[in-house]
Amino acid sequence: MAEQRRIDRCHMYPAASKPRLYHCMEREILLDELSSTKHWASMHVSDHSGFHYRQFLLKSLISQTVIDSSVMEQNPLRSEPALVLPKDEEAAVSTEEPRINLHHLLEEEVEFSTDLIDSYPGHETLWCHRRHIFYLQHHLNGRFPHSMTQLSPADSPGGTLSDLHLIPAGSQLSQAMEVDGLNDSSKQGYSQETKRLKRTPAPDSLGLEMEHRFIDQILSTCRNVEQARFASAYRKWLVTLSQ
Amino acid sequence: MKLYSLSVLYKGEAKVVLLKAAYDVSSFSFFQRSSVQEFMTFTSQLIVERSSKGTRASVKEQDYLCHVYVRNDSLAGVVIADNEYPSRVAFTLLEKVLDEFSKQVDRIDWPVGSPATIHYPALDGHLSRYQNPREADPMTKVQAELDETKIILHNTMESLLERGEKLDDLVSKSEVLGTQSKAFYKTVSFFSKARKQNSCCAIM
């Protein structure tokens, strides 16, 4: 029911802004999928596919944001809120471009990861997922600092469609996600990735600090051997990220 | 994450007696369910037989983890779970169940009881509720009484056996397993085959 209402809201856009209509619907579907797969993922904590799907959804939402911002740069007139007569108060509010706060979404995902890691010690999948989320946050902070994710037309993010390639995919990302921090930078793919990482701004130091504190807390209280191993590997990985 | 069986047993001097059991074999293919159930009973009894009083242990067998708690008064509980289910919660469940059982069922009935004669209806409800560990047991992170370092870990069922003992022999001699189940065991690597036939994804 709720989903249909949300999608109906998307149809209130004038026909002229078709791209935004499609993006609006896709965004709603992505957000919907994100919330509906949460329970499944939490009940299958060693099944990577569930978390991989969530990573895909988040990456898609981030890419969407990049596309939207460039569309808005090119078409400043279209960034006016859609002119549709609202039937009631609720519709009036919702005719504005639905705004998703990407930072908030990623923070929620981090909280979700924390909760699962605490409740179910010793599952590598959960730690892998955490790396992906941290990595996405790191990218987002580089491309879209906090103030810009509300997509107000006044601030043009400076990001363009070509920045999409910076959301890593496939083998490059998996190399960056190596479980045990690589010291052997002679591996070509790895050093390409570190060069790329070094080009982007340093990871948000507050975020890093929080992650280190999280690792400390895990290491000091956990009694599960695997959990300790994964926590230490995560720490090593974070260190390589900030070098 | 899944629980497959929850059993209460008595570790007698001569043999282990099954007092009450609850099963969830819905994830197994229909025709295998009764064999699976029998094997879980067989396994639970064997584990209790080979565990000392006053100990907790987790026995790993392929994708399964069997958690056992044998109390000093010889009352024992076994829960068979998958490898995602948090063991901390499994032991909490065992503690609760044995505590409740000992209050509801007279001690005098334990050595000679059987599922037919013992009156303890709550077991199925516990198994069902604990399928979702976070609903059933809002993770009390600090379990003061339970020292996880004292839980014995066995990497295979074989490690429970005496030198020279074979699981195959125990299976053939077992009174708990029907002929069909014994035949089934011979033809396949029981646990992994029975499970995979009914699952669409392999758990990593």
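Basis of the calculations
Residue indices begin from 1 for each chain and proceed along its sequence in written order. Throughout, the order in which chains and ligands are written sets their labels, letters from A for the former and numbers from 1 for the latter. In view of the model being predicted, local features appear only for residues whose pLDDT reaches at least 70, and side-chain atom pairs are presented and counted only at 80 or more, with totals across whole chains, interfaces and linings using the full set of residues. Side-chain metrics in this entry use all non-hydrogen atoms of the structure; hydrogen atoms and water are not considered. UniProt positions are given in the numbering used here, feature names are shortened, and annotations may be inferred rather than shown by experiment. A helix here means a DSSP run of H or I that spans at least four residues, while a strand means a run of E at least two residues long, and both kinds are numbered starting from the N terminus. Burial classes: relative accessible area under 20% of the type maximum marks a residue as buried, over 50% as exposed, and values in between as partly exposed (1.4 Å probe, protein chains only). By definition, residues are in contact when any of their heavy atoms lie within 4.5 Å. For accessible areas, the Shrake-Rupley method is used with a probe of radius 1.4 Å. Any residue's cover is judged against the shown protein chains and nothing else. Any two strands with at least two DSSP bridges between them are considered paired. Every axis corresponds to a line fitted to the C-alpha atoms, with the helix fit spanning only the stretch in contact, and the corresponding angles, defined between N-to-C directions, vary from 0 to 180 degrees. Roughly parallel covers angles under 35 degrees, roughly antiparallel covers those over 145, roughly perpendicular covers 65 to 115, and oblique covers all other angles. Crossing handedness is read from the near helix: turned anticlockwise from the far helix by less than a right angle, it gives a left-handed crossing, and turned clockwise, a right-handed one. For this document, the term salt bridge refers to a Lys or Arg side-chain nitrogen within 4 Å of an Asp or Glu carboxyl oxygen. Buried Ala, Val, Leu, Ile, Met, Phe, Trp, Tyr and Cys residues that are joined via side-chain atoms within 4.5 Å together make up what is termed a nonpolar core.

As annotated in an unreviewed UniProt entry, chain B carries the name Synaptobrevin homolog YKT6 and comes from Macaca fascicularis. The UniProt entry for chain B carries the following text under Sequence similarities (unreviewed entry): "Belongs to the synaptobrevin family."

1. A word on the overall build of chain B
The secondary structure content of chain B amounts to seven helices and six strands. What you see in chain B, going N to C, is helices and strands ordered as β-β-α-β-β-β-α-α-α-β-α-α-α. A total of 204 residues make up chain B; the buried ones form 52% of that total. Taking the contacts inside chain B whose residues are at least 6 apart along the sequence as the reference set, 63% of them involve residues at least 24 apart. For chain B, the computed accessible surface area is about 10300 Å², with 52% contributed by carbon and sulfur atoms.

2. Side note on the UniProt feature "domain: Longin" (unreviewed entry) in chain B
The UniProt feature table records "domain: Longin" (unreviewed entry) at residues 8-115 of chain B. Between the first and last C-alpha atoms of residues 8-115 of chain B the distance is 9 Å; the span itself is 32% helix and 31% strand.

3. Re the environment of Leu123(B)
Residues and elements named next belong to chain B. Locating Leu123 in the fold gives a position in helix α3 (residues 122-129). Judged by its relative accessible area of 2%, Leu123 falls in the buried class. In this structure the C-alpha to C-alpha distance between Leu123 and Ser7, which are 116 residues apart in sequence, comes to 8.2 Å. Residue contacts for Leu123: discarding those within four places in its chain leaves Leu6, Val8, Lys20, Ala21, Ala22 and Val97.

4. Here's the deal with unusual backbone geometry
Trans is the prevailing form of peptide bonds, just as negative phi is the prevailing case for residues other than glycine. Residues and elements named next belong to chain B. Phi at Gln62 takes a positive value of approximately 55°, unusual for a residue other than glycine. Among the structural elements, Gln62 can be located in the loop between β3 (55-61) and β4 (64-70). Residue classification places Gln62 among the partly exposed positions, given a relative accessible area of 33%.

5. Quick look at the sheet that holds strand β2 (residues 16-23) of chain B
Residues and elements named next belong to chain B. Read from one edge to the other, the open sheet built from six strands follows the order β2-β1-β5-β4-β3-β6, with strand pairing classed as mixed. The open sheet terminates on both sides in strands that have one partner only, identified here as β2 and β6 (152-154). On average, each strand axis in the sheet is inclined to that of its neighbour by 20°, with strand direction left out of account. Where strand β1 (residues 3-11) and strand β5 (residues 75-82) come together, seven bridges link them in antiparallel fashion. Residue Ser5 lies in a different strand from β5, and its bridge partner there is Ile80.

6. Digging into the packing of helix α2 (residues 87-104) of chain B against α3(B)
All names here are of chain B. Here α2 crosses α3 at 165°, and the two axes come no closer than 11 Å. For the element pair α2 / α3, the angle class is roughly antiparallel. α2 and α3 meet at a crossing whose hand is right-handed. Packed against α2, whose contacting residues are Leu93, Val97 and Glu100, the element α3 presents Ala122, Leu123 and His126 at the interface.

7. A word on the pattern of salt bridges
Scanning all chains against the criterion turns up 13 salt bridges over all chains. Linking Arg54(A) and Glu109(A) is a salt bridge whose minimum nitrogen-to-oxygen distance equals 2.8 Å. Taken together, the residues span a long stretch of sequence, with Arg54(A) in helix α4 (residues 48-74) and Glu109(A) in helix α6 (residues 102-119) at a distance of 55 residues. When sorted by exposure, Arg54(A) lands in the same class as Glu109(A), which is buried. The partner of Glu49(B) in a salt bridge is Arg50(B), and the shortest N-O contact between them spans 3.4 Å. Here the salt bridges share partners, and the residues they tie into one network are Glu49(B), Arg50(B) and Glu165(B).

8. Points about the nonpolar core
Formed by 52 residues in total, the largest nonpolar core has its most connected members in Trp127(A), Leu3(B), Leu6(B), Val8(B), Leu19(B), Tyr85(B) and Phe101(B). Looking at this core element by element, the count peaks at eight residues for α2(B). With residues near it in sequence (within four places) discarded, Leu19(B) still touches Val8(B), Leu9(B), Tyr10(B), Leu75(B), Phe101(B), Trp110(B), Gly113(B), Ser114(B), Pro115(B) and Ile118(B). With 30 residues, the next largest nonpolar core counts Val36(B), Leu46(B), Val68(B) and Leu167(B) among its residues.

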